[in-house]
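Single-letter residue listing:
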Amino acid sequence: MSKTALPEFLANTAVPADLQSVILGLADVSVTISQALAKGALAGVLGAAGAENVQGEDQKKLDVIANDLIKDCLAAIPTVRGLASEEEPDVVPCHTNGNYLVTFDPLDGSSNIDINSMVGTIFSVLPHSGSATVTEQDFLQPGRQQAAAGYVLYGPSVMLVLSTGKGVAMFTLDQDQNSFLLTEADVSIPADANEFAINMSNQRHWTSGMQSYISDLLSGKDGPRGKDFNMRWVAAMVADVHRILCRGGVFTYPWDSRKPEQAGKLRLMYEANPMGFLVEQAGGEVWTPEGKILDIQPEHIHQRVPVILGAANEVKVCVDYHQR
Ligand SMILES: O=P(O)(O)OC[C@H]1O[C@](O)(COP(=O)(O)O)[C@@H](O)[C@@H]1O
Ligand SMILES: [Mg+2]
Ligand SMILES: [Mg+2]
């Protein structure tokens with residue numbers, strides 16, 4: 001039997017037509033980004049761009065290329081009122097009659113670009129209910145209000161993973177037709193975990209709660225947790241979360257004491273909220289040590305947040321170590 005293509009899936013699942021056009025636009029532009037990535041050094045797209053983004057991070061050429069492609073794509077969709085990007089200092093107004101706001105991380109896992117490892121594009125679609133002139137304030141909505149969220153993973157296969165609030169579906173790019181085909185209709189994360197993801201090199205900078213939690217995981221079946229845990233770290237949130245959606249586990253990027261004023265490394269509106277929406281839709285949990293990430297009222301678009309997400313029971317255990 002032939003597989004369902006993305007446009008057919010969106011129509012079958014009663015996604016509003018104006019939201020469909022945003023999702024289909026993002027899917028199309030991700031194919032162009034995947035082609036630039038696939039050409040790599042042959043197209044001269046690897047390496048540094050020689051500039052810093054608003055977050056004070058060095059931009060790669062592909063961060064800039066992907067950002068410009070997505071910006072142009074969204075600006076051409078009449079239902080997009082405005083956009084905000086990890087790589088843009090300010091929100092960008094689009095169409096005055098549009099009813100959606102889109103936030104995105106054009107290329108997640110940038111440090112993997114030059115080693116030909118996995119990267120992705122993460123996006124979040126919010127309803128627009130504010131003024132005719134888009135302001136930052138219009139974007140400051142809790143993640144729970146997202147109309148859709150997803151990512152495209154540029155790996156051995158290019159995959160689009162999407163939720164419009166009715167579960168999580170995975171699509172694989174058919175490179176012959178440039179068409180995303182449904183390959184997993186109902187993604188679900190097992191409640192218990194035996195795999196964790198964290199950048200262990202930062203251990204000495206974590207809070208005592210996080211130190212104890214990871215130390216007990218590492219003690220394996222001889223320790224208080226009574227079982228062994230495996231560890232993985234791709235250094236691209238998009239790929240680490242993809243693994244969790246495929247085979248379970250827990251992912252965390254905690255606060256650390258090197259930049260005490262910074263809540264965490266990951267961005268609430270471009271990374272934590274869209275990935276959090278997917279993980280909750282797949283039955284997982286998404287927390288900071290204090291509460292659920294999707295309930296956070298954002299204060300500014302580039303806000304950062306500590307993240308603990310994945311298997312429901314394991315996330316609760318991790319949060320509990322912090323609250324003891
Ligand atoms: O290099 P580190 O500290 O392990 O951080 C890796 C994390 O940083 C990120 O790459 C940040 O994303 P960007 O590449 O979009 O800046 C996450 O995807 C990933 O989880
Ligand atoms: Mg990122
Ligand atoms: Mg990025």
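Conventions and cut-offs
- Residues numbered from 1 in each chain as written.
- Chains lettered and ligands numbered in written order.
- Predicted model: local features only at pLDDT ≥ 70, side-chain atom pairs only at ≥ 80, totals over all residues.
- UniProt positions renumbered as here; feature names shortened; annotations may be inferred.
- Helix = DSSP H or I, 4+ residues; strand = E, 2+ residues; numbered from the N terminus.
- Contact = placed C-beta atoms within 7 Å.
- Near = placed C-beta within 6 Å.
- Nonpolar A, V, L, I, M, F, W, Y, C, P; charged D, E, K, R; others polar.
- Domains from an automatic or database assignment.
- Pairing = 2+ DSSP bridges.
- Axes fitted to C-alpha atoms, helices over the stretch in contact; angles between N-to-C directions.
- Parallel < 35°, antiparallel > 145°, perpendicular 65-115°, else oblique.
- Left-handed = near helix turned anticlockwise from the far one by under 90°.

Quick look at the UniProt feature "binding site: Mg(2+) 1" (unreviewed entry) in the protein chain
Per the UniProt record, "binding site: Mg(2+) 1" (unreviewed entry) is found at Glu-86, Asp-105 and Leu-107. The annotated residues occupy 22 residues of the chain but converge on a single region, no pair of C-alpha atoms lying more than 9.1 Å apart. Counting through the fold element by element, Glu-86 comes out in the loop between β3 (80-85) and β4 (92-93). Not counting chain neighbours up to four residues away, the residues in contact with Glu-86 comprise Asn-53, Gln-55, Asp-105, Pro-106, Arg-267 and Tyr-270. Along the chain, the position of Leu-107 falls in strand β5 (residues 100-108).

So, the site of ligand 1
Taken together, 13 residues sit near ligand 1, with Asp-108, Ser-110, Asn-199, Ala-235 and Met-237 positioned nearest. Considering only residue class, the shell around ligand 1 consists of four nonpolar, four polar and five charged. No fewer than three residues from each of domain 1 (6-184) and domain 2 (195-323) sit in the shell around ligand 1.

Some remarks on the sheet that holds strand β8 (residues 158-163)
The mixed open sheet is built from eight strands, whose spatial order is β4-β3-β5-β6-β7-β8-β9-β10. For this open sheet the edge positions go to β4 and β10 (179-184), each flanked by a neighbour on one side alone. Sheet topology note: the strand β7 (residues 148-154)/β8 ladder contains six bridges and is antiparallel. What sits directly across from Tyr-151, in β8, is Val-161.

Comments concerning the packing of helix α5 (residues 208-218) against helix α8 (residues 312-323)
The N-to-C vectors of α5 and α8 enclose an angle of 135°; their axes lie 7 Å apart at closest approach. Judged by the angle between their axes, α5 and α8 are oblique. With respect to the hand of their crossing, α5 and α8 are arranged in right-handed fashion. Between α5, through Gly-209, Met-210, Ser-212 and Tyr-213, and α8, the contact on the second element is made entirely by Cys-318, Tyr-321 and His-322. Here the residues of the contact of α5 with α8 are counted per class, giving four nonpolar, three polar and no charged.

Section: the packing of helix α2 (residues 17-39) against helix α3 (residues 61-75)
At a closest axis distance of 10 Å, the pairing of α2 and α3 adopts a crossing angle of 155°. In this view, α2 runs roughly antiparallel relative to α3, as classed from their interaxial angle. Note on packing geometry: the crossing formed by α2 with α3 is right-handed. Where α2 abuts α3, its residues Gly-25, Asp-28, Val-29, Thr-32, Ile-33, Ala-36 and Leu-37 lie against Leu-62, Ile-65, Ala-66, Leu-69, Ile-70, Cys-73 and Leu-74. Of the residues belonging to the contact of α2 with α3, the class tally is eleven nonpolar, two polar and one charged.

Focus on the sheet that holds strand β15 (residues 285-287)
Ordered in space as β12-β11-β13-β17-β15, the five strands form an open sheet in which the pairing is mixed. Of all the strands in the sheet, just β12 (230-231) and β15 have a single pairing partner and so form its edges. Across two bridges, strand β11 (residues 195-197) lies against strand β13 (residues 250-253) in parallel orientation. Among the inter-strand pairings, Phe-196 is bridged to a residue of β13, identified as Val-250. The strands touched by helix α7 (residues 268-281) within the sheet are β15 and β17 (307-310), with β17 carrying the most contacts at an inclination of about 25°. Where α8 meets the sheet, it contacts β13, β15 and β17, and its direction lies at approximately 155° from that of β17.

With respect to the domain arrangement of the protein chain
Where the parts come together, the accessible area they lose is often given as the size of the interface. Entries for the protein chain in the domain assignment read domain 1 (6-184) and domain 2 (195-323). Taking only C-alpha atoms, the centre of domain 1 and the centre of domain 2 are 23 Å apart. Every element with two or more residues in the side of domain 1 that touches domain 2 is listed here: β5, β6 (119-127), α4 (136-139), β7 and β8. Ranked by the residues each element gives to the side of domain 1 that touches domain 2, the list is headed by β6, at five residues. Taken together, the residues of the side of domain 1 that touches domain 2 sort by class into 16 nonpolar, 14 polar and five charged.

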